[in-house]
Amino acid sequence: MEFRQLEVFAAIAETGSFSKAADYLYLTQSTISSHMKNLEKELQKDLIIRSTRNIRLTEEGETFLFYVKRILDMKDTALQAINSPYETILHIGASSIPSAYLLPEITSSFRKSHAHVTFDIRQSDSTSIINGVMDGSIELGLVGQKATSPKCASIPFCSDELVIATPNTPYFQKMQSRFCSIDELLKEPLILREQGSGTQKAAEDFLSSQGYKIQDLNIAARINDLEAIRQMVVSGMGISIFSNLAVKSLEKHGECLLFHFPNGSRRQFYLTYLNDRNHKPALKEFEKFVLDFYK
């Protein structure tokens, strides 16, 4: 088994096409086909189901891909270590709140004492980031929900309050001045994040614990873009449940009002990584730095 065969297989899985994989690796399509044929012959397993319209991985192919990505990642790390000992790239994934409100300060502070470290940061929802950690494409995730797989470690490093943000209008100003109940507030049109968001899961878990059912609320919209929801609230479309970090600046500038849950609700942020992954020294240093930063 050769590294080139693994690279070909990973490229086909990523692009969904032999021809696109050939372009990506600067090889001919016949060479791509030959590498795949030899790899499957050696493994005595079909990894790819070929058809005239598209290709897809077999069950064995999906399993094999998980390990191939980790093998190639380790190879790249090893080459980087011997060829560029003074430069290190950390592949970090972050969900919406950590990427926008936590990572900028963390990475800036870390780089002051680790100038040789470069960050390759992927931003998505918590579920997607955890999946990236699972498939080996992300070394460390900063997310708003705990990974459920026993293969992943989830270390809490920071927490934040959940709040309800409303437009800053006379209507909601009166509600705030008379200390309206959450029951009354939740009758207003509600804008929610799509599934996969750590904030959304934390909000649903808290509401459920208080006896509220999402399906019974007045849902005005669902959208998986944090900034869009912020602007929808400011423009008066409805209210939404946020991490306080995401809306405290809007409140400061008078663009929205914040209502706090009477019993309080906090959501946790986690450092997530594969338990058995070989962490490079710079990554270990960054993990420790983040934990110390929020002590």
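Residues numbered from 1 in each chain as written. Predicted model: local features only at pLDDT ≥ 70, side-chain atom pairs only at ≥ 80, totals over all residues. Heavy atoms only, no water.

## Some details on the environment of F293
Point 1. Structurally, F293 is set in helix α12 (residues 281–293).
Point 2. Setting aside residues no more than four positions away along its own chain, F293 makes contact with E105, I106 and S109. (Helix = DSSP H or I, 4+ residues; strand = E, 2+ residues; numbered from the N terminus. Contact = heavy atoms within 4.5 Å.)

## Topic: the packing of helix α1 (residues 3–15) against helix α3 (residues 29–43)
Point 1. For the pair α1 and α3, interaxial distance at closest approach is 9 Å and the crossing angle is 110°. As judged from the angle between their axes, α1 and α3 are roughly perpendicular. When α1 is examined against α3, the residues R4, Q5, L6, V8, F9 and I12 are found in contact with a partner set consisting of I32, H35, M36, N38, L39 and E42.
Point 2. In terms of residue class, the contact of α1 with α3 is built from seven nonpolar, three polar and two charged. (Axes fitted to C-alpha atoms, helices over the stretch in contact; angles between N-to-C directions. Parallel < 35°, antiparallel > 145°, perpendicular 65-115°, else oblique. Nonpolar A, V, L, I, M, F, W, Y, C, P; charged D, E, K, R; others polar.)

## With respect to helix α9 (residues 198–209)
Point 1. With twelve residues, α9 should cover 16 Å at 1.5 Å per step; its first-to-last C-alpha distance of 16 Å lies within 8% of that length.
Point 2. Every buried residue of α9 is accounted for by G198, T199, Q200, A202, A203, E204, F206 and L207.
Point 3. Of the residues one or two after α9, G211 is the one with positive phi, at around 95°. (Expected span 1.5 Å × (residues − 1). Buried < 20%, exposed > 50% of the residue type's maximum accessible area, 1.4 Å probe, protein only.)

## Digging into the confidence of the model for the chain
Low-pLDDT portions of the prediction should not be read for the details of their coordinates.
Point 1. For the chain, the average pLDDT comes to 89, and 98% of its residues sit at 70 or higher.
Point 2. Of all the helices and strands in the chain, α9 carries the lowest mean pLDDT, 80, while strand β5 (residues 140–143) carries the highest, 96. (pLDDT = per-residue confidence, 0-100.)

## Digging into the pattern of salt bridges
Point 1. Taken as a whole and judged by the stated rule, the model has ten salt bridges.
Point 2. Note that K69 and D135 form a salt bridge whose closest N and O atoms lie 3.8 Å from each other. Here K69, found in helix α4 (residues 59–83), pairs with D135, found in helix α6 (residues 126–135); they are 66 residues apart in sequence, far enough to count as distant.
Point 3. Taking the relative accessible area as the measure of exposure, K69 reaches 26% and is therefore partly exposed.
Point 4. Of the residues examined, D135 reaches a relative accessible area of 22% and is grouped as partly exposed.
Point 5. R230 is the salt-bridge partner of E227, the closest N and O atoms lying 2.8 Å from each other. Of this pair, E227 and R230 are both found in helix α10 (residues 226–235), three residues apart, which corresponds to roughly one turn of the helix.
Point 6. We classify E227 as partly exposed; its relative accessible area is 37%.
Point 7. The class of R230 is buried, set by a relative accessible area of 9%.
Point 8. Each of the salt bridges in this network shares a partner with another, and the network as a whole consists of R4, E7 and K75. (Salt bridge = Lys/Arg side-chain N within 4 Å of Asp/Glu carboxyl O.)

## Some points on the side chain of E204
Point 1. With respect to the element layout, E204 can be found in helix α9.
Point 2. Polar side-chain contacts of E204 include one of 2.7 Å to the side chain of Q200.
Point 3. For E204, the residues in contact, after removing those within four places along its chain, are Q195, I214 and R222. (Polar contact = N/O pair within 3.5 Å; in protein donor to acceptor, adjacent residues only side chain to side chain.)

## Comments concerning the pairing of strand β8 (residues 219–222)
Walk down a regular strand and you will see the side chains alternate between the two sheet faces.
Point 1. Direction of pairing for strand β7 (residues 190–192) relative to β8: parallel, over a ladder of three bridges. Each residue of the ladder has a partner; that of L190, found in β8, is I219.
Point 2. At this point the chain moves from β7, through α9, to the parallel β8, and the crossover so formed is right-handed. (Pairing = 2+ DSSP bridges. Right-handed = clockwise from strand over helix to strand, strands pointing away.)

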